[in-house]
Amino acid sequence: MSKRKRSFNASGTTPAATSTPARAEAFTFDDPVPVMDRAEILDYVQAWSAGDWYEPPVSWSGLAKTFRAGVHHGSAIYFKRNVLSSTFIPHKLLTREEFDKWALDFLTFGNGYIDRRTNRLGGTLALKRAPSKYMRRRIDLQRFVQLNGYQQIEHEFEPGAVHHLMEPDINQEVYGLPEYLGALHSAWLNESATLFRRKYYENGSHAGFILYMTDAAQSQSDVDKMREALKNSKGPGNFRNLFMYAPNGRKDGIQLIPVSEVTAKDEFFNIKNVTRDDLLAAHRIPPQLMGIVPSNTGGFGAADTAAEVFGANEIAPLQRRFAQINEWIGDEVVRFNAYAIKRPESSGHVAQ
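About the thresholds
Residues numbered from 1 in each chain as written. Predicted model: local features only at pLDDT ≥ 70, side-chain atom pairs only at ≥ 80, totals over all residues. Heavy atoms only, no water. Helix = DSSP H or I, 4+ residues; strand = E, 2+ residues; numbered from the N terminus. Expected span 1.5 Å × (residues − 1). Buried < 20%, exposed > 50% of the residue type's maximum accessible area, 1.4 Å probe, protein only. Arc of directions from axis to C-beta. Contact = heavy atoms within 4.5 Å. Salt bridge = Lys/Arg side-chain N within 4 Å of Asp/Glu carboxyl O. Core = buried A, V, L, I, M, F, W, Y, C linked by side-chain atoms within 4.5 Å.

Student: Just checking my understanding: could you explain helix α8 (residues 268–283) for this structure?
Tutor: Residues spaced three or four apart along an α-helix point in a common direction, a consequence of the helix completing one turn every 3.6 residues. The terminal C-alpha atoms of α8 lie 23 Å apart, and with 16 residues this matches the ideal 22 Å at 1.5 Å per residue to within 8%. Along α8, the residues classified as buried are Phe268, Lys272, Thr275, Arg276, Leu279, Leu280, Ala282 and His283. All buried residues of α8 fall inside an arc of 155° around its axis, so they share one side. Against α4 (71–87) and α6 (184–203) lie the buried residues of α8.

Shown next, in the form of structure tokens:
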């Protein structure tokens, strides 16, 4: 019997003695690949055909939603539109209202469409803006159609009745693309940071704590007294300190565990500032013209000087771009005044 026990014990301990010892292992993950990178395949097919018309290389609906994603993105587009509108000289064929719609479409989508309304004799009655979000070019690149929300043809324009103002793209020549595409990630990150902070405060997890007591030296009466003291600390006269004396208590007998950090460690302000700078750089608008408060003591410089540089480098080229319609219509329909900042004239009169 003893031999069997010895042989059984020996066979039972053999696998444990001969098992492979644990060893350290190290491995790495691949770099994250954004889903948007898959859109690069469109660079090879340019603008693909949807049967009767060409689809745009990017989603116009996505650009329309991104228009209000960030504060500084939509505001920069509106600022350029307002400057152009202030310098535009209305014409009997093109009103200021229609020009504002046309300019907003071009700055948002990189495409602006003007529909020429004619009378029975072929004369021009008015120039109306056609919404860029729903405009598509036919396969022959000569005709245009307007779709509805269900991607169905709602209206087909007569050949030669639409003027297409486009921001040229380096990959295709069917549609234009806006200049700010490289800053879309910054606009989305800015929006995500704001939404995260809103959810953080709405959830209410930014305040509160757990009072954890494990000291055996405390009795139930001591616990009741502490509970009563915490209740009395609310309301008028709060923010008071509490004194707790525990004879023979341990160091970690009473612990204050916060539910979450009082300030979220999400680099909220850094994200907002960096993405703001990216958007302003993409739109090429000086920060002092956008109403941004400088964080340094030196400031951004004089606003009137920045406005003059902005007018020469950005507004004047845009004015020449919109004036291209004059060659198409055969009349000087689009005219602009020079963008200038009126400085207050100094006078020698003294207020009485």
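Student: Help me understand the pattern of salt bridges in this model?
Tutor: Any two side chains of opposite charge can pair, so long as their charged atoms come close to each other. Under the definition given, this model contains 14 salt bridges. Put simply, arginine 143 and aspartate 140 hold a salt bridge, and the shortest N to O gap is 3.0 Å. According to the relative accessible area criterion, arginine 143 is partly exposed, its value standing at 30%. On the basis of relative accessibility, which here comes to 35%, the residue aspartate 140 falls in the partly exposed class. The partner of arginine 143 in a salt bridge is glutamate 156, with the nearest N and O atoms 3.3 Å apart.

Student: Before we go on, may I ask you to explain the nonpolar core in this structure?
Tutor: As a rule of thumb, soluble globular proteins bury nonpolar side chains together. Within the largest apolar cluster, 52 residues are counted, with the highest numbers of intra-cluster contacts made by Leu94, Phe99, Trp102, Leu127, Phe322 and Val334. It is helix α5 (residues 96–109) that provides the largest number of residues to this core, a total of seven residues. Leave out the neighbours within four places in its chain, and tryptophan 102 touches Leu94, Gly112, Tyr113, Ile114, Arg129, His163, Leu165, Phe322, Ile325 and Val334.

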